[in-house]
Amino acid sequence: MPDDRPSTDADLETIGSLGEQAVLARILPRLRPGDAALLGAGDDAAVLAASDGRFVVTCDMMIHGPDFRLAWSTPFELGWKAAATNLTDVAAMGARPTALVVAIAAPPGLAVGVLEGIADGLREGLAALAPGAGVVGGDLSASSVLTIAVTAFGDLEGRTPVTRSGARVGDLVAHAGVRGEAARGLALLFAEGVDASGEPDPERTAALRARHPRLIAAQLAPAPPVGAGVAAAEAGATAMLDVSDGLARDARRLAEASGVGLDFDGAALGAEVRLALAGAEDHGLLATFPAGTAVPAPFEVIGRVIDAPGELRVDGGPIAAEGWDPYSGWDGRAG
């Protein structure tokens, strides 16, 4: 489980005071290379095994300001979330995550303990969400803004990749994971985890954690159903994608790629339908399955595929593809 303990000032050593080589010597022992690593960190590149000669690869960035706030997230949570957000993209292809390559750009004055916490979060996030996967390399550089960039690899193990473009009219629409909880957690942080001037506040955030642990964890350290990706592929999923920008927005992407429409069952979405559709960063999996399929757990059937290319509906009525956009409303402040 994510470690919610805040970082302390006990370790006053900074990245700049130690230098790159000494910092890496502190970080790399905290990480594991994983089962697929034939050659892990320490050389110019890693060497990974792939059972059928193919692999999937994806990448994602987390930048202080638009993606996280150090006043809200612990270093451990940053590492955990950096792992989780990439693992689900691999899982959405029906692949088993095998390895991460992590690049971090950080201010020289940042405490080394922050990077150690990130490393711990990466390690424990992988152990919990993708057992056997590990960190096999990366890069460390200087920047005025803390940035974490992760590249994730996955093994198809002989399976055909599950893309966004295979949904067919009549298929079942199913979802695995929570819906809207990360958005509720983020709303709480912006409403109650800030000081009088609206800036993120660690003490108020700590109080929020005590009152709403599940919702705050859903935003700061999500635990998506990574293993469900392989289960869906083995059950015959016709299309699948990671739900990171909101169920409706990502469903539209699947619908457009497949040339079909999706009609959601309002009752299946729960009491807060709009939040379930528009809330982002839950990192669940949306998949379609042939009619009559025994949909594998933890997927739940929430609708069906219809002959209406690119359209989204709830109980037959049209809906907008609301969700999160990294450029919408961003004013450039780090916070």
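As shown above, the structure is provided for reference.
Keep in mind that this is a model prediction, so the values were computed, not measured.

Engineer: Please clarify how the nonpolar core should be interpreted in this entry.
Structural biologist: Soluble globular proteins tend to bury their nonpolar side chains together. Residues Leu100, Ile104, Leu115, Ile148 and Phe299 are the most contacted members of the largest nonpolar core, which totals 54 residues. Top element by residues in this core is helix α3 (residues 75-91). It accounts for nine residues. Ala251, Ala255, Leu262 and Leu277 belong to the second largest nonpolar core, which has 22 residues in total.

Engineer: Mind showing me how you'd approach the sheet that holds strand β13 (residues 317-318) here?
Structural biologist: Hydrogen bonds between backbone groups are what pair the strands of a sheet, and the pairing can be parallel or antiparallel. As summarised here, the arrangement of the seven strands in space is β8-β10-β7-β11-β9-β12-β13, forming an open sheet in which the pairing is mixed. Since the sheet does not close on itself, it has two edges, and those belong to β8 (239-243) and β13, each with one partner. Bridging between strand β7 (residues 172-176) and strand β11 (residues 300-306) involves four bridges; their strand directions are antiparallel. Within β11, the residue paired with Val173 across the bridge is Gly303. Helix-sheet contacts for helix α9 (residues 247-258) involve β7, β8, β9 (261-264), β10 (284-289), β11 and β12 (312-314), and the interaxial angle to β8 is about 155°.

Engineer: Is there a simple way to think about the packing of aromatic side chains in this case?
Structural biologist: Aromatic ring pairs are described here by two measures, namely the spacing of the ring centres and the angle between the planes. Under the counting rule described, the total for this entry stands at four aromatic pairs. Considering the side-chain rings of Trp72 and Phe190, the 5.0 Å spacing of their centres and the 90° angle between planes classify their relative orientation as edge-to-face. In this pair, Trp72 sits in the loop between β3 (56-63) and α3 while Phe190 sits in helix α5 (residues 181-192), placing the two residues 118 residues apart along the sequence.

What counts, and at which threshold
- Residues numbered from 1 in each chain as written.
- Predicted model: local features only at pLDDT ≥ 70, side-chain atom pairs only at ≥ 80, totals over all residues.
- Heavy atoms only, no water.
- Core = buried A, V, L, I, M, F, W, Y, C linked by side-chain atoms within 4.5 Å.
- Buried < 20%, exposed > 50% of the residue type's maximum accessible area, 1.4 Å probe, protein only.
- Helix = DSSP H or I, 4+ residues; strand = E, 2+ residues; numbered from the N terminus.
- Pairing = 2+ DSSP bridges.
- Contact = heavy atoms within 4.5 Å.
- Axes fitted to C-alpha atoms, helices over the stretch in contact; angles between N-to-C directions.
- Phe/Tyr/Trp six-rings, centres within 6.5 Å; stacked < 30°, edge-to-face > 60°.

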